[in-house]
Every structure is written in C-alpha cells, then in structure tokens.
Amino acid sequence: MSHLSDQDPELFKTLEREINREESTLELIASENFTSQAVMEMAGSVMTNKYAEGYPGKRYYGGCDFVDEAENLARNRLGELFGAEYTNVQPHSGSQANMAALMTFIKPGDTVMGLDLSHGGHLTHGSSVNFSGQLYNFISYHVSKETGRVNFEEVARLAKEHQPKLIICGGSAYPRFIEFEQFKEIADSINAFLMADIAHPSGLVAAGLHPTPIPYCDVVTSTTHKTLRGPRGGIIMMGKDFENPWGKIAPKSGRVKRVSELIDSTVMPGIQGGPLMHIIAAKAVAFGEALQPEFKIYAKNIIQNAQTMADEFLKLDYQLVSGGTDTHVLLIDLSNKNITGKAAEYSLGKAGITVNKNMVPFDERSPFVTSGIRVGTPAITTRGMGNSEIRQIVHWIDEAISDPENEVELALIKSNVSELCSNFPIYVH
Ligand SMILES: Cc1ncc(COP(=O)(O)O)c(C=O)c1O
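Parameters and conventions
Residues numbered from 1 in each chain as written. Predicted model: local features only at pLDDT ≥ 70, side-chain atom pairs only at ≥ 80, totals over all residues. Heavy atoms only, no water. Domains from an automatic or database assignment. Contact = heavy atoms within 4.5 Å. Buried area = accessible area lost by both parts, 1.4 Å probe. Core = buried A, V, L, I, M, F, W, Y, C linked by side-chain atoms within 4.5 Å. Buried < 20%, exposed > 50% of the residue type's maximum accessible area, 1.4 Å probe, protein only. Axes fitted to C-alpha atoms, helices over the stretch in contact; angles between N-to-C directions. Helix = DSSP H or I, 4+ residues; strand = E, 2+ residues; numbered from the N terminus. Parallel < 35°, antiparallel > 145°, perpendicular 65-115°, else oblique. Left-handed = near helix turned anticlockwise from the far one by under 90°. Nonpolar A, V, L, I, M, F, W, Y, C, P; charged D, E, K, R; others polar. Expected span 1.5 Å × (residues − 1). Near = heavy atom within 4 Å. Polar contact = N/O pair within 3.5 Å; in protein donor to acceptor, adjacent residues only side chain to side chain. Areas by Shrake-Rupley, 256 points an atom, 1.4 Å probe, with all protein chains shown as cover.

1. Here's the deal with the domain arrangement of the protein chain
Part 1 of the reasoning: Domains assigned within the protein chain are domain 1 (41-290) and domain 2 (295-422).
Part 2 of the reasoning: For domain 1 versus domain 2, the separation of C-alpha centres amounts to 29 Å.
Part 3 of the reasoning: Of the residues lining the interface, 26 residues belong to domain 1; the matching set on domain 2 comes to 25 residues.
Part 4 of the reasoning: For the domain 1 and domain 2 pair, buried surface summed over both sides reaches about 2,300 Å², with 65% attributable to carbon and sulfur atoms.

2. Observations concerning the nonpolar core
Part 1 of the reasoning: In this structure, Phe82, Tyr141, Ile167, Phe183 and Ile198 are the most contacted members of the largest nonpolar core, which totals 55 residues.
Part 2 of the reasoning: Per-domain counts for this core show at least three residues from each of domain 1 (41-290) and domain 2 (295-422).
Part 3 of the reasoning: Those residues in contact with Ile167 that lie beyond four places of it in its chain are Met113, Tyr141, Phe183, Ile186, Ala187, Ile190, Phe193, Leu194 and Met195.
Part 4 of the reasoning: If you look at the next biggest cluster of nonpolar residues, it comprises 34 residues, including Ile339, Val375, Ile393 and Cys421.

3. Focus on the packing of helix α15 (residues 387-402) against helix α16 (residues 407-422)
Part 1 of the reasoning: At their nearest, the axes of α15 and α16 sit 10 Å apart, and the two run at 165° to each other. If you check the angle between α15 and α16, you find them roughly antiparallel. Both α15 and α16 take part in a crossing whose hand is left-handed. Along its contact with α15, which presents Glu389, Ile393, Trp396, Glu399 and Ala400, the element α16 presents Glu409, Leu410, Ile413, Asn416, Val417 and Leu420.
Part 2 of the reasoning: Grouping the amino acids of the contact of α15 with α16 by side-chain chemistry returns seven nonpolar, one polar and three charged.

4. Let's talk about helix α11 (residues 277-290)
Part 1 of the reasoning: Helix length check: α11, at 14 residues, gives a terminal C-alpha distance of 20 Å against a target of 20 Å (1.5 Å per residue), a fit within 8%.
Part 2 of the reasoning: A large share of α11 lies buried, amounting to twelve of its 14 residues.
Part 3 of the reasoning: Those residues of α11 hidden inside the fold are in contact with α3 (37-43), β3 (58-59), α4 (65-82), β10 (234-238) and α12 (293-315).

5. As for the site of the ligand
Part 1 of the reasoning: As a structural note, the neighbourhood of the ligand is formed by 13 residues, with Gly94, Ser95, Ser172, Asp197 and Lys226 the closest of them.
Part 2 of the reasoning: Contact distances for the ligand include 2.6 Å between a nitrogen atom and a side-chain N or O atom of Asp197.
Part 3 of the reasoning: The protein chains hide 84% of the 390 Å² of surface that the ligand would expose on its own.
Part 4 of the reasoning: If you tally residues by element for the shell around the ligand, the top one is helix α5 (residues 94-105), at three residues.

6. Notes on the environment of Ile413
Part 1 of the reasoning: Here Ile413 lies in helix α16.
Part 2 of the reasoning: Residue class for Ile413 comes out buried when judged on its relative accessible area of 1%.
Part 3 of the reasoning: Through-space distance from the C-alpha of Ile413 to that of Arg17 is 20 Å; in sequence the pair is 396 residues apart.
Part 4 of the reasoning: Setting aside residues up to four positions removed in sequence, Ile413 forms contacts with Ala351, Ile353, Trp396, Glu399 and Ala400.

Here it is as structure tokens:
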C-alpha cells in the first residue's frame, strides 16, 4: 500500500484511473509527453517544501543551499543545451514566461505583432481573452492560404505600417520550422525586438533538428513539458545578455541595468512569488536527459514518425495544413471529411485516441467546434512506437472519422488500441 492509498483512497483511485488512461490509450495531443520516472521522482520530492524567493545566492529565505544547487544546475544545463548565455528557469508555465518577456521588453499599450491564434499562434500572442491582448496593442499576422506557411509579405507590410516594438514568432499549431531568419530581417528593418516562443519545438531545437532562434532573437521563451519532455513549466533565454539595447528599454532609475537583470526582476518579484523548487530541480533532471546522445535519437524519431503519419494521411486524402510537417505536429483540415473537429475529437476519444480539435487557417467554424484536429508524435514516440504502429494508428483514426457514430466500431478500435499500448508500456511498475 502506498501512503496515498492508505490516507486518501478516493484520490488514489483517481490517480490509478489516470495512470490506466495514459497507459492504455494513444496520446496524440501535440503538446503532451511522458516525463521520465527520474523527472517525476524529483517533481514529487521534498524540494516542494522550500520557499526560495529570489535567485541562487540572493534569496529572501535561509536554508537555500541545496535548492540553489538545483537551480544553478538547471540554469547551466539549459544554457549548454541551447547555447544561451542567459537563462531563467523560474517561470511556472509557458504563459508566465511569455508574460515576463513581454513585460520586460515593452510597456502596456505598446504595439506588438504575433501569429493569429486561429492560424497557429497562442493565446499569449495577443488573444483578446488573454492578458496579452488586453495589455498590448497586438496586430496579428497570418499564414498564406496557398502555402499554409507564414505570409512574410503580410508580416513586412504590417510591420512597416504599425511599427511594432516587438514581434513574436512561433506558435502552437504551426507544423513547419519557425523562420527565425526571415523574422529577424523584418524586425531589424523597423528596429523592433524579436521574441521567439519555441514552446512546441524546443526539444527538436535542443537536439539540433530544428533551426535555433538563439542567434536571431533578443529573447526566447519555451515550455519544458512538450517536445523537451520535462516537467510542466516555462523558461526564458537570451543568446547574449545586453545592456539597455539601442536605448529601447529606459532605465527606471540609477544605473543602466542589463536585460538579464530586468528579466529576472520581472519574473520575481514582478509576476511570481516563490519559485517551484521541486519543478526547477525536475527541469534540471530533464535538461540533463536532453543533453544525452539518446535524446537526439528520440527527437529524430519524433520527426520521422510525424512524417510517416503525414504520408499516410495524405494517401487517405486528408488535407494537411501546409501540405505536411517539418516537426512533431500535423494540423489536419477535415473540411473534405464531412466532420467537425469537435465531433472527430469526441469519436476518437471513444476509440481510445486522444487528439484536440483545432481551428485551421481561415476556419469558418468557432473555436468550440472547429474544422480541424491537431495531432503530434512526441508522446507515442516516447513509448517507442515507430513506422508500423504509426501506419496502424492512422488507419484507426480514418476508420473512426469515416464512421464516427458507429459505437461498435469505436469500441473495437479502442480494444485494439489498448492491446497495442500494452506492448509499449510507458512506466515500469
Ligand atoms: C506556443 C506556446 N506558447 C506558450 C504556451 C503556454 O504554455 P503553458 O500552457 O505552460 O502556459 C503554449 C502551450 O500550449 C504554447 O503552445
């Protein structure tokens, strides 16, 4: 019996059901992954007990020797992984990382550009229901209808017209490499800051399989729990620290501060209090894993699996936004399949296959219904699945989407999915 089962059988049962769900179904949500047991051991450790407001060596609390060690390891390993001179591992989430980066580089009311949410952007890139859209004057750019890739003619035109102080590149449902170099050219032409949000492909960037934003961007944010396969959280990096860049950040008072100091103080005390030391230590464990040669093989397999999946879907006449993928994610437009994203998500759920409905560029349906689904390969690749499993999975998806109300068929797929999953256990019990 575990402590939890003894003390709180009700929640223990809930946990058991979640373990069973993760083990016995196919996780195709592109933003999810399965961390290692070592990462979970650290995330579930006594480090959760420690208050450590501040940064290593400069805390507001005593007793921080060992959490300092953990945070320094996290920062150093992260810097090594991405070639970044400055790292901050304290943001509780990707959204907090974005908030801290925006609040450091620009002021409320300033103009910013980001990829439209329905074209693959993220809530924190200017959605009106998010702090970003409420605090700043966001101008959205889009992908082109023909290519499904960022429309750089539009980006250049909007940049010239609106003179944003900052441009964000990256997003949540963009299947192609983020074009850092092209964004940099446009940002430079109007003397704007360039921020990359690599929440999705950061594991691929770390493995050297996706271009790196570091030489092009003033600031880079990411989550740690997607392709990077760490605990849930956020990070902020800069390739090079710099001082009061081009006079764009006015010092509030006294000496001119380095941007690293400004970011640190925006994270804490600006928007967060005590850091989650158990999560920061678990990030250090995950960054250590990502530095190993096996992680490169893992990242390579993620992309190969996504490309096999794309080929298989194309053979079955599915429309992929941008025609395919360079990364771990596919955005499937279901308009020619007589089903909405919402209905597809529901039926696939009944078949033991977890995906999320997703708007596709130029979608006429609402975000609650959508015309598409987003699928990704990081989690099933962690389980060790490869080409033949991917092909089988695509055929199951097609069967479920082609006959979404056939309960018998969906139940049959679910049992086949469960059998497949039992051959690829996630955790050794
Ligand atoms: C591009 C991008 N940025 C930021 C985030 C926010 O991360 P979090 O959910 O940890 O706040 C996400 C999460 O999906 C994302 O895809």
